[in-house]
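Each chain is listed here by its residues.
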Amino acid sequence: MNHAPSDSIPAETQNGTHIGEQLNSQSLAFVEQLFAEFQRDPTSVPEQWRAWFREEMLGQEGPPPQSAQSPFGQRSLFNPTSNVSANGKKSSDVQDMAGLQERLDQLIRNFRVRGHIIAAVDPLDQPRSSPAELDPAFYGFTEQDLQRPMSTEWFGGPEVNTIRAMIKWLQTTYCRSIGAQFMHIDSLSVRQWLQDRMEKTANHIKLGRDEQLRILTRLSNAVLFEEFIQTKFVGAKSFSLEGAESLIPLLDMAIDKAGDDGVREIVLGMAHRGRLNVLANILGKSPRLIFREFEDKDPELNFGRGDVKYHLGHSSDWTTAGGNEVHLTLCFNPSHLEFVNPVAVGRLRAKQDRKGDTEGHRSMAILIHGDAAFAGEGIVQETLNLSELPGYSTGGTIHVIVNNQIGFTTGPKEARSSTYATDVAKMLQSPIFHVNGEDPEAVAQVVDLALDFRREFQRDVIIDMYCYRRRGHNEGDEPMFTQPVMYRAIKNRPTVFEAYLNHLLSLRGMTKEEADAIIEDRRKELEKDLAIARRDTFIQCVDKLGGVWLGYHGGHVSKADHVSTAVDKSVLSEILKIQTELPVDFTPHPKINRLLSARREMAGGKRPLDWGAAEALAMGTVVAEGTRLRLSGQDVGRGTFSHRHAVLCDYDDGHPYIPLRHLAPEQGAVDIFNSPLSEAGVLGFEYGYSLDCPDGLVIWEAQFGDFANTAQVIFDQFIASGEDKWDRLSGVVVLLPHGFEGQGPEHSSARLERFLSLAADDNMQIVSPTTPAQMFHCLRRQVLCRWKKPLIVMTPKSLLRHPEAVSSLDECATGEFQYSIPDALESDPAEVKRILLCTGKVYYDLIAERAEWDRHDVAIIRIEQLYPLYEEGLDKILADYPVGIPAVWVQDEPENMGAWRYLFCRFGERLFNRFPLSCVCRASSASPATGSARSHRVEQDVIIARAFNRE
């Protein structure tokens, strides 16, 4: 720590300690300067210092002659090679003192930096190497040195103590049951805050009897719950918490402290291990509901849907010891472990935005991880990286690693290249606390420290709780097959409850009778819940949508869900015009001036709307009506293809301006964030955000639609199946640029076929709009409709500026989203000899070909919404065409991709049993597209020619 030398080494301290006993290496520069002033003019320094310099440095009692040379010549006062004083002895003493202080400083720093390496954090006490720099002998300390008193007022202890006592204090602080990693933090003030908090208390919290009793009760509840499950449901999978029961008092203390510090909402995310225990003992889910799920007596409730019991979420209200209410939400989670992380923090950010909790003082997230997954899953890094970014920060997340010291059957040496499972978290400016899970009071200290750190600095904190997994990966697994040594050590180990109870008994903090009463009361409650759960008359409660979701619904779409998306033409003109008006002190890029000029013409009806203008109108109208807009993704401010320009940058100084924020006095909030180069993490965040923002327009856009494949877990496990598994709705919008234009395998296909293969039970909407007006109505429909489903949009690339891909203001003012669009030609249907069906960009290739060859005998029909497929509307469009003429589905994609196989599965060889159905497309391929632009053109020409039967 940096103290002013004049404060840290007064000539005479309050307890009479002499200056020499106060010297340390941080004082040397000050003393040297003071001595130089003393040499020039002894009266310029305080009398105490004059006396000390005369006696200790010059070996004389009177003042030195004015002309006297420094006894050290021109060299540094404490330089070991400096000249000695007249008597030689005193200078040597100071040099020795300085050298001793320097060695002590090095030792202290190394305890702060590396003390965690030898900390007793592993309850199994597996061997660990001890670095030499933590051994006092490494610095040459003699027995006499260890007994020497030194100043420690900067160290948090008494003002003076022996070096031996200081080392003991350091060992207790940094090497007992808590190992702290914090010296990687760049900020000196943050490091000093942590040092003060840990060193002044020896990293130990003093608990009263009531607090100790509460910890013991929580441990008892955790242990009894697991034992009860094992005895009553033999062989059933529960992914028990046994060996890590300290998680329950940890969460108990964290929630209680956070609540009393002003937090009113906590979102939790965790994988399956220990989830049932957390549900029962923290979230307050009735054990009878959990036992009923084990009994599995209600199969009719879960035909083709639902999820296993240890993936389910829950919410409840918690009352702290201080009487404060905290709402808890445990997010549902699949077996994909860490992928719930961005979902949970996204949900929290939505709650914070809704309530104006911009600093995260009233709400927070707790994420519970496994050690192997924390080190092994890249989504962890993605989520950590989001934590300090303006668009995704939540004021700091508490990360708790339940460190079983093993994966499924894989030990640390095979699972990671780093020393700790938490090393990825060193990317943050946040502390990492390793703590022995069998020392509940050390866990309490870490919780107290972590919550205070978060409140002080609004940053993530990592608690790495070392424990073990008493059973195998699941209750039917045999861990001795692969870890015989480890599990011999675990086999006869007492529970943490028993160990802590013995500790309290030894302190006479409680009696055995009190402990027995706690156990017996809890066991009786569990037996009662089990008896109720096994009754045939037991009624399984079904959660209904409430809170912000009141009035919305999922399930199958119906005609009753139709909404009007039209907007008065004058309103459209005004909203688009406002977005072209800039502040007087804002200098746009010259090309932006041209874009704004073009949009002003569009607003006045002098030019048709292009894609960017229609999108701006859709967003602008819903925002003006009070809807929150959140748009996130890589480069979304400008747009990958430079069509959007929703965020403008001043040409002179770069400051941003967002026109959508300046539409109306009572408009909705507008947030547009360029995201990091991450798909899974950011999409997971936006999906989580949508779970608590049903009344908003929440959009994630991929830079290219192809890149969405790196977020496939979020699509498969959350977006597509969240309603079916967990009865949770989402209205998240996913924009995926899609189109075969010769840009190669990774810049052509958004993998339409994958989304169609996931489509069932009206679980989401998949559209491929071909006009700006269609995009306008589609986005507005997503906001206005009370039927909430994720929306997947295959957006264009070349069509963003295609001269034919335009719409009028009237089409936005009077129209609506068309599921299918009839042929644009007003020819006699009876004369049509061939029907072409398509979606997306290929439509414009087809109409160009038809115009060139004057093929009025060919009808071209667009299917704009592929799922849910509105068959009735398509059938109506086809009603007037002659029965028996061929219907051909035309797509850019290879035969095994795109929409063809989905449609063929839907209609078979005859469309509505009237038209022979076939497909024109590229040949089946392992890769979406060729890497050669010329090859692409040749392939495309062949497809278009075949579509018109010109082979």
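**Q** Help me out: how do you make sense of the overall build of the protein in this one?
**A** Per the secondary structure count, the protein includes 32 helices and 25 strands. Counting only C-alpha atoms and orienting by the principal axes, one finds that the protein spans roughly 125 × 80 × 50 Å. Considering only residue pairs separated by 6 or more positions, the protein has 78% of its internal contacts joining residues 24 or more positions apart. Surface accessibility of the protein: about 39,000 Å² in total, with carbon and sulfur atoms responsible for 50%. Between the centroid of the 102 positive side chains of the protein and the centroid of its 131 negative side chains there is a distance of 2 Å.

**Q** What is the right way to look at the pattern of salt bridges in this model?
**A** In a structure, side chains of opposite charge can pair up when their charged atoms sit close to one another. Applying the stated criterion across every chain, the model contains 53 salt bridges. Residue R534 is joined to E295 by a salt bridge in which the shortest nitrogen-to-oxygen separation is 2.7 Å. With a gap of 239 residues between them, R534 in the loop between α19 (512-533) and α20 (569-578) and E295 in helix α11 (residues 287-295) connect regions that are remote in the sequence. Accessibility expressed as a relative area gives 21% for E295, which makes it partly exposed. Between R850 and D823 there is a salt bridge, with the nearest N and O atoms lying 3.1 Å from each other. Here the residue R850 occupies a position in helix α29 (residues 842-853), and D823 occupies one in the loop between β19 (820-821) and β20 (834-838), the gap between them amounting to 27 residues. The exposure class assigned to D823 is buried, which follows from its relative accessible area of 13%. Among the ionic contacts, a cluster of salt bridges with common partners joins R197, K257, D261, D448, D452 and R455.

**Q** Just checking my understanding: could you explain the environment of D652 for this structure?
**A** Relative to the helices and strands, D652 is located in the loop between β12 (648-649) and β13 (656-657). Of the residues examined, D652 reaches a relative accessible area of 62% and is grouped as exposed. A distance of 3.2 Å separates polar atoms of two side chains, one belonging to D652 and the other to T587.

**Q** I'm lost on the packing of α11 against α19 in this one. Help?
**A** The packing of two helices is summarised by the inter-axis angle and the distance between the axes. It is the contact of α11 with α19, at a shortest axis distance of 8 Å, that shows an interaxial angle of 50°. When the interaxial angle is binned, α11 and α19 end up oblique. Considering the relative orientation of α11 and α19, their crossing is right-handed. Contacts between α11 and α19 involve P287, R288, F291, R292 and E295 from the former and R522, L526, D529, L530, I532 and A533 from the latter. For the contact of α11 with α19, the class distribution of residues is six nonpolar, no polar and five charged.

**Q** Would you mind showing me how to read the sheet that holds strand β21 (residues 858-863) here?
**A** Strand pairing in a sheet relies on backbone hydrogen bonds, with the paired strands running either antiparallel or parallel. Read across the open sheet, the six strands follow the order β19-β21-β20-β23-β25-β24; overall the sheet is mixed. If you trace the sheet from one side to the other, it starts and ends with β19 and β24 (910-911), each paired once. Across the sheet, α29 is in contact with β20, β21 and β23 (887-894); its angle to β21 comes to roughly 165°. Each of β20, β23 and β25 (915-922) touches helix α32 (residues 933-947); the most contacted strand, β25, lies at about 170° to it.

**Q** It is not clear to me how the confidence of the model for the protein should be interpreted in this structure. Could you clarify?
**A** Atom-level detail of predicted coordinates should not be read off regions where pLDDT is low. Across the protein, the average pLDDT comes to 89, with 91% of residues at or above 70. In this model, residues 1-17 is a region of pLDDT below 50 whose contacts with residues beyond four sequence positions or in other chains number 34 contacts. In the model, residues 62-89 has pLDDT below 50 throughout and makes 47 contacts with residues more than four positions away in sequence or in other chains.

**Q** Got a minute to help me understand the nonpolar core in this structure?
**A** Across soluble globular proteins, you tend to see nonpolar side chains buried next to one another. Counting 99 residues, the largest nonpolar core has I266 and I366 as the members making the most contacts within it. Broken down by element, this core gets its largest block of residues, 10 residues, from helix α16 (residues 440-457). Non-local contacts of I366, meaning those with residues more than four positions away in its chain, are made with L251, A254, I255, I266, V267, L268, G269, I398 and V400. With 76 residues, the next largest nonpolar core counts M764, L874, A899 and L911 among its residues.

**Q** Could you clarify how one ought to interpret the pairing of strand β8 (residues 397-403) in this entry?
**A** Taken residue by residue, a regular strand's side chains alternate between the two faces of the sheet. Most of β8 sits out of view: seven of its seven residues are buried. Neither face of β8 is left uncovered, since the one carrying T397, H399, I401 and N403 and the one carrying I398, V400 and V402 both have all their residues buried. Where β8 lies against strand β10 (residues 461-466), six bridges are found, and the strand directions are parallel. Opposite H399, over in β10, you have I462 as the bridge partner.

**Q** Explain unusual backbone geometry to me, please; I cannot follow it from the model alone.
**A** For residues besides glycine, phi is generally negative; the peptide bonds are generally trans as well. At the junction of Y867 and P868, the peptide bond is cis and its omega measures out at -15° in the coordinates. Structurally, P868 is set in the loop between β22 (865-867) and α30 (871-878). One non-glycine residue, Q405, adopts positive backbone phi at about 65°. Tracing the sequence through the fold places Q405 in the loop between β8 and α15 (412-415).

**Q** When you look at the side chain of S316 in this model, what are you seeing that I'm missing?
**A** By secondary structure assignment, the location of S316 is in strand β5 (residues 314-319). With residues up to four places along the chain from it excluded, the contact list for S316 reads L283, G284, V326, H327 and L328.

**Q** Please clarify how helix α22 (residues 611-624) should be interpreted in this entry.
**A** Think of an α-helix as turning once every 3.6 residues; residues three or four places apart then point the same way. When the terminal C-alpha atoms of α22 are compared, their 20 Å separation across 14 residues agrees well with the 20 Å that a helix rising 1.5 Å per residue should span. Here α22 lies mainly inside the structure; 13 of its 14 residues are buried. Of the residues flanking the start of α22, the one acting as N-cap is D610, its side-chain oxygen 3.4 Å from the backbone nitrogen of G612. Trailing α22 by a residue or two, G626 shows a phi angle of about 105°, which is positive.

**Q** Honestly, helix α9 (residues 247-260) in this entry has me stumped. Any pointers?
**A** With 14 residues, α9 extends 20 Å between its outermost C-alpha atoms, agreeing within 8% with the 20 Å of an ideal straight helix rising 1.5 Å per residue. Counting buried residues in α9 gives 13 out of 14 residues, a clear majority hidden from the surface. Trailing α9 by a residue or two, G262 shows a phi angle of about 110°, which is positive.

**Q** Would you explain the state of the cysteines in this entry?
**A** Defined simply, a disulfide is a covalent bond joining two cysteines at their sulfur atoms. For the coordinates displayed, the defined rule picks out zero disulfides. Free cysteine: C905, not disulfide-bonded; nearest cysteine sulfur from C919 at 14 Å. We classify C905 as exposed; its relative accessible area is 68%.

Conventions adopted
- Residues numbered from 1 in each chain as written.
- Predicted model: local features only at pLDDT ≥ 70, side-chain atom pairs only at ≥ 80, totals over all residues.
- Heavy atoms only, no water.
- Helix = DSSP H or I, 4+ residues; strand = E, 2+ residues; numbered from the N terminus.
- Contact = heavy atoms within 4.5 Å.
- Areas by Shrake-Rupley, 256 points an atom, 1.4 Å probe, with all protein chains shown as cover.
- Lys, Arg positive; Asp, Glu negative; His and termini not counted.
- Charge placed at Lys NZ, Arg CZ, Asp CG, Glu CD.
- Salt bridge = Lys/Arg side-chain N within 4 Å of Asp/Glu carboxyl O.
- Buried < 20%, exposed > 50% of the residue type's maximum accessible area, 1.4 Å probe, protein only.
- Polar contact = N/O pair within 3.5 Å; in protein donor to acceptor, adjacent residues only side chain to side chain.
- Axes fitted to C-alpha atoms, helices over the stretch in contact; angles between N-to-C directions.
- Parallel < 35°, antiparallel > 145°, perpendicular 65-115°, else oblique.
- Left-handed = near helix turned anticlockwise from the far one by under 90°.
- Nonpolar A, V, L, I, M, F, W, Y, C, P; charged D, E, K, R; others polar.
- Pairing = 2+ DSSP bridges.
- pLDDT = per-residue confidence, 0-100.
- Core = buried A, V, L, I, M, F, W, Y, C linked by side-chain atoms within 4.5 Å.
- Expected span 1.5 Å × (residues − 1).
- Disulfide = S-S within 2.5 Å.

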